[in-house]
2 protein chains.
Amino acid sequence: MNVSEIARRIPEAVERLRGEGIDVLVEDLEAYGRDETEDYFETPGLVARPRSTAEVAAVLRTADALDLPVTPRGGGTGKAAAAIPAPHGMVLALGRLNRIREIDAQNRFAVVEPGVVLQDLHEACAEHGLCYPVDMSSRGSCMIGGNLATNAGGERAIKYGVTRDQVRGVEAVLMGGSVIRTGGKTSKNSAGYALHHLLVGSEGTLGVITEATLRLLTLPPYRKALLAPFESLERAADAALAVEAAGVDPSALELIERSAAALAEDMLNERLPHADAAALLLVEVEGFHEGRTEENRDRAAEILLHNGAEDVMVAPRERVWRVRHAIAEAVKQLPAYTSVDACVPRRSMPQLVHEAHKIAVQYGLEVICFGHAGDGNIHTDFIRRRHEDDSWDRNVKSAVRDYLRVVVAFGGTITGEHGLGLLRRDDLPLQLDASTIEAMRALKNAWDPKGLLNPGKILPPL
Amino acid sequence: MNVSEIARRIPEAVERLRGEGIDVLVEDLEAYGRDETEDYFETPGLVARPRSTAEVAAVLRTADALDLPVTPRGGGTGKAAAAIPAPHGMVLALGRLNRIREIDAQNRFAVVEPGVVLQDLHEACAEHGLCYPVDMSSRGSCMIGGNLATNAGGERAIKYGVTRDQVRGVEAVLMGGSVIRTGGKTSKNSAGYALHHLLVGSEGTLGVITEATLRLLTLPPYRKALLAPFESLERAADAALAVEAAGVDPSALELIERSAAALAEDMLNERLPHADAAALLLVEVEGFHEGRTEENRDRAAEILLHNGAEDVMVAPRERVWRVRHAIAEAVKQLPAYTSVDACVPRRSMPQLVHEAHKIAVQYGLEVICFGHAGDGNIHTDFIRRRHEDDSWDRNVKSAVRDYLRVVVAFGGTITGEHGLGLLRRDDLPLQLDASTIEAMRALKNAWDPKGLLNPGKILPPL
């Protein structure tokens, strides 16, 4: 359907949705037209803000009846343009479905709605001495629904796994309004297709998750951190792998290129030690026994020193994380940037950061690398520091493309945790062959034959 | 298609497959007509034994061209009749795709074909100081393909997760012969739909996995076991939960009802201690540090003694496991039995075993409970000890049905690790509502519109 036809039907949709008691916005919708991805924006035709599963079903029934595209939206913190609406299309904002329906401390599960902010879940779990282990920079505003939609990873995945690894069941609404439920509060389940695992990572293109059952862990009371400077990014990367392989079981292992830290330091007006190092490594260990946790930390320190660290200091933990978490925000304040969150087999990670810099030099661009070194999941941001740098417009696309080719050649994935959205959709054929993408398209067609649910995301156009 | 039409086309299929160089059996096919599920048997029309992905594709292309049903088969150790062929249909036996393509010790991944026997993978990993942590009684004959198809759990899942938790990517052949590949040797991946997670647990109804990339762990060198007798099954179940909750992180936590152990002891002509106890609990802990592993074991011992254990002994580990693993085999030698492998939220497990016995009494049947207590995943076998026990024929179906209703009322799943196959297929509507089953059927239709791939499994007939 063309854009003007969509716009023409919006008033009818507004009337129907309001008739079902659903809160609908039709003005000042700009905030719903973007997420945290640079350069993507579309103005939606309406924003529906359902408060219940039944209301989500009503929205998807209405979208189906009127052939209107509808884009689910969580906290709007996505970095792959997966929450950008179709022009004049509907946005299904899930922020009012924000109840923690249950913390089942006995069985160690949380049952949550998609609009729950990640940090709120952390705090609710901590009150029970429990822990939902997925964590990331955007914790204060990202929502569980978006975490599920992208299969978010974050900084503790090295020890506790990604979002998928925590999910034991979902309730979801499919296009047309059908409500499904699979899985539940069990650690094992072989009853039919794992629809919840198909929905996790599907970026709102297959269905809208309205409830998730998440496993919880007992909150480890002890956490110890180390900070180590290195004379080169590659040496830091090598040392990260040595720590990862040594059995100290770190709960975080973050690589921070010094120039990336500097951007955040400037923004925060706060300095980390070792301003002259090329890269920093942050290592954290967690545990239930203070002495053993300290032993693990000390063992990590030894490994760092044996693997090229110029120093190892017991980290000023909060300050280091503040800087680490501010990098993405600082990058956003530059004239231009583009982020790649590739993940490679972990032993290829040092070579990957090396290749990123080689490609940047080749194209006359600047690049910074930071992120989850222990996982092989590195944020590589090509940045434009000054507007007058004209190699940017000419070269950034080719540089990203070359970099993604290297990632795939290493056996990696072009996105480790952000998803494909609109941003990486057209790069998917670099990684997957046509038959695999075709098989994905067949599933999409099976559940959403008219292609109305978050159209244009994930699958490259035919 | 009716059975005689299928039979009529088999010679044509044999000719085509042999024309492509594929090994095809047409005689003495009885062994391919059953698995380890009681009471299920069908004679296939042919057995194809491909040696490569390309040959698997040729088999599925031929099945599609001739409209012939085809049932993939691994080690034939399944317990839900998922490997029973359609009458006169094709069997796709995967035992010759039995290469371990790679043990990537650096990145800690194994790349394996579906016909690899689980124990062979264990041994290959151990040579590299690594460990594939899924383990179960049938390790000597079950194949990775079947483990993937059922999302097998087993006895170490309490610490290391089920099969799904180890899978990072697959190559698979879809009906018609299209080959797909998703995932790979990365710990994070958000590039499109997680087709490998859809295939895991799909019991060969959606596609045939021809290669899997599995994460490996460093092999923990220390393993310590405890055996504790209890005066009642329920007390043992309560104690299991106490151990599970205490943070000693057991790698196995097995409940064995004494009458179940006795069946195995009789068969093996070997006795465990505490013949007069109502139930035994086996606790194992694993670790990288001998002292800490022993500390964990001792802590588990304390908890057992505080929770009703009549004694705690450092277990004669191999003997206990031999008996535990022989239970299923011993049960098979009885005149009749039926196994349920339900999994409930773990705190409901003691009540579940209580309800199993209540139902058995009500119907005049015998029942034994054993299995993965820490997971809430209990094997409940209704058994017929003597042929002359005529309440069996009259009552066993109703007893199982009542038991499954209790499982679902507890928020559990009717199968924790065996799958639905033909055995539990018609019970699925107890657990999932019609819209969810319909959504599963839509996926099946998308990839196998003619319904030729392992027909009749998982989804109840319309």
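The residue count restarts for each chain, going from 1 along the sequence in the order it is written. All chains are assigned letters beginning at A, and all ligands numbers beginning at 1, according to the order in which they are written. Two thresholds apply to this predicted model, a pLDDT of at least 70 for residue-level local features and 80 or more for giving and counting side-chain atom pairs, whereas whole-chain, interface and lining totals are computed over all residues. Working from all heavy atoms in the structure, the side-chain values ignore hydrogens and water.

Regarding the sheet that holds strand β16 (residues 336–340) of chain A
Residue and element names in this part refer to chain A.
Then step 1. Overall, antiparallel pairing links the seven strands, which are arranged β15-β12-β14-β13-β17-β18-β16 in an open sheet. Since the sheet does not close on itself, it has two edges, and those belong to β15 (313–314) and β16, each with one partner.
Then step 2. In this description, contact between two residues means that some pair of their heavy atoms is separated by no more than 4.5 Å. Each axis is a line fitted through C-alpha atoms, taken for helices only over the stretch in contact, and angles between the N-to-C directions span 0 to 180 degrees. Under the DSSP-based scheme used, a helix requires at least four consecutive residues in state H or I and a strand at least two consecutive residues in state E, with every element numbered from the N terminus. Sheet strands in contact with helix α10 (residues 290–306) are β12 (222–230), β14 (279–287) and β15, and its direction is about 10 degrees off that of β12.
Then step 3. Each of β13 (252–257), β17 (366–372) and β18 (377–384) touches helix α12 (residues 349–363); the most contacted strand, β17, lies at about 160 degrees to it. Pairing between two strands is assigned when DSSP locates at least 2 bridges connecting them.

Details of the sheet that holds strand β2 (residues 46–49) of chain A
Residues and elements named next belong to chain A.
Then step 1. The strand order across the open sheet formed by four strands is β1-β2-β4-β3, and the pairing between neighbours is mixed. Since the sheet does not close on itself, it has two edges, and those belong to β1 (23–25) and β3 (70–73), each with one partner. Taken pair by pair, the neighbouring strands of this sheet meet at an average axis angle of 25 degrees, ignoring direction.
Then step 2. Sheet topology note: the β3/strand β4 (residues 90–93) ladder contains four bridges and is parallel. Opposite Thr-71, over in β4, you have Val-91 as the bridge partner.
Then step 3. Sheet strands touched by helix α1 (residues 3–19): β1, β2 and β4. Its angle to β2, the strand with the most contacts, is close to 15 degrees.
Then step 4. Packed on one face of the sheet, helix α2 (residues 53–65) meets β2, β3 and β4 and runs near 170 degrees to β4.

A short note on the packing of aromatic side chains
Residue and element names in this part refer to chain A.
Then step 1. Each pair of aromatic rings taken from Phe, Tyr and Trp, with Trp reduced to its six-membered ring, is defined by centres within 6.5 Å and is described as stacked if the planes are under 30 degrees apart, edge-to-face if over 60, and tilted in the remaining cases. One pass over the full model with this rule turns up two aromatic pairs over all chains.
Then step 2. Ring geometry for Phe-382 versus Tyr-403: centroids 6.2 Å apart, planes at 75 degrees, classification edge-to-face. Highlighted residues: Phe-382 in strand β18 and Tyr-403 in helix α13 (residues 391–409), separated in sequence by 21 residues. Tyr-403 matches Phe-382 in its accessibility class, with the two residues each being buried. For every residue, the accessible area obtained with a 1.4 Å probe (protein chains only) is divided by the maximum for its type, and the residue is called buried under 20%, exposed over 50%, and partly exposed between those limits.

Considering the pairing of strand β9 (residues 179–183) of chain A
Then step 1. The sheet contact formed by strand β8 (residues 167–173) of chain A and β9 of chain A spans five bridges and is antiparallel. Within β9 of chain A, the position partnered with Ala-172 of chain A by the bridge is Ile-180 of chain A.

Topic: the interface of chain B and chain A
Then step 1. If you look at the interface, chain B gives 71 residues, while chain A gives 71 residues.
Then step 2. Here the quantity called buried area is the total loss of accessible area, with a 1.4 Å probe, experienced by two parts when brought into contact, counted for both. Buried area between chain B and chain A, both sides added, is near 5600 Å², and the carbon and sulfur share of it is 53%.
Then step 3. For salt bridges, the criterion is a side-chain nitrogen of Lys or Arg within 4 Å of an Asp or Glu carboxyl oxygen. For the pair chain B and chain A, the number of links is eight salt bridges.
Then step 4. For the purposes of these results, a polar contact is taken to be a pair of N or O atoms within 3.5 Å, where, inside protein, one atom must be able to donate a hydrogen and its partner to accept one; residues adjacent in sequence count only when each atom of the pair is a side-chain atom. There are 40 residue pairs in polar contact (both at pLDDT 80 or more) connecting chain B and chain A.
Then step 5. Those elements that provide at least two residues to the side of chain B that touches chain A are β9 (179–183), α7 (195–199), α8 (233–245), α10 (290–306), α14 (428–431) and α15 (434–447) of chain B.
Then step 6. Ranked by residues supplied to the side of chain B that touches chain A, first place goes to α15 of chain B with nine residues.
Then step 7. Class assignment of the residues belonging to the side of chain B that touches chain A gives a composition of 26 nonpolar, 30 polar and 15 charged. Gly is placed with the polar residues, together with every amino acid not listed as nonpolar (Ala, Val, Leu, Ile, Met, Phe, Trp, Tyr, Cys and Pro) or charged (Asp, Glu, Lys and Arg).

Observations concerning helix α3 (residues 118–126) of chain B
Then step 1. All of the buried residues along α3 of chain B are Leu-118, Leu-121, His-122, Ala-124 and Cys-125 of chain B.
Then step 2. The secondary structure elements touched by the buried residues of α3 of chain B are β5 (100–104), β6 (109–112), β7 (130–131), α4 (144–150) and β10 (208–215) of chain B.

Structural notes on empty space enclosed by the protein
Then step 1. Both site types are read off a 1 Å grid over the protein atoms alone. A 1.4 Å probe that fits but cannot get out defines a cavity, while an open set with protein on both sides within 12 Å along at least five of seven lines defines a pocket; lining residues have an atom within 4 Å of a point. Grid points are joined across faces, edges and corners, and a volume is the space filled by probe spheres set on the points. Following the criterion strictly, the structure yields four cavities of 30 Å³ or more and no others.
Then step 2. The volume enclosed by the largest cavity comes to roughly 240 Å³.
Then step 3. The wall of the largest cavity is formed by 23 residues, among which Asn-151 and Arg-164 of chain A together with Asn-189, His-196 and His-197 of chain B lie closest to the centre.
Then step 4. Of all the elements in the fold, those that place two or more residues in the lining of the largest cavity are α6 (163–166) of chain A together with β8 (167–173), β9 and α7 of chain B.

Overview of the packing of α10 of chain A against α10 of chain B
Then step 1. Contact geometry for α10 of chain A and α10 of chain B: axes closest at 13 Å, N-to-C directions at 160 degrees. One finds that α10 of chain A runs roughly antiparallel with respect to α10 of chain B. Between α10 of chain A and α10 of chain B lies a crossing whose hand is left-handed. In this structure, α10 of chain A uses Arg-292, Glu-295 and Asn-296 of chain A to contact α10 of chain B, whose residues at the interface are Arg-292, Glu-295 and Asn-296 of chain B.
Then step 2. The residue makeup of the contact of α10 of chain A with α10 of chain B, split by class, is no nonpolar, two polar and four charged. Angle categories are assigned with fixed cut-offs, so that under 35 degrees is roughly parallel, over 145 is roughly antiparallel, 65 to 115 is roughly perpendicular, and the rest are oblique. Should the near helix be turned counterclockwise from the far one by less than a right angle, the crossing is left-handed, whereas a clockwise turn marks it as right-handed.

Digging into the domain arrangement of chain A
Residues and elements named next belong to chain A.
Then step 1. Per the annotation, domain bounds derive from an automatic or database assignment of domains. Once the domains are mapped, chain A shows domain 1 (3–96), domain 2 (100–218) and domain 3 (221–327).
Then step 2. On the side of domain 2, 19 residues touch domain 1, which itself brings 17 residues to the contact.
Then step 3. Carbon and sulfur atoms make up 71% of the area that domain 1 and domain 2 hide from each other, which totals about 1400 Å².
Then step 4. Put simply, domain 1 and domain 2 have zero salt bridges between them.
Then step 5. Summed over the shared surface of domain 1 and domain 2, the result is three residue pairs in polar contact (both at pLDDT 80 or more).
Then step 6. Elements that contribute at least two residues to the side of domain 1 that touches domain 2 include exactly α2 and β3.
Then step 7. Element by element, the count of residues in the side of domain 1 that touches domain 2 is highest for α2, at seven residues.
Then step 8. Here the residues of the side of domain 1 that touches domain 2 sort into nine nonpolar, five polar and three charged.

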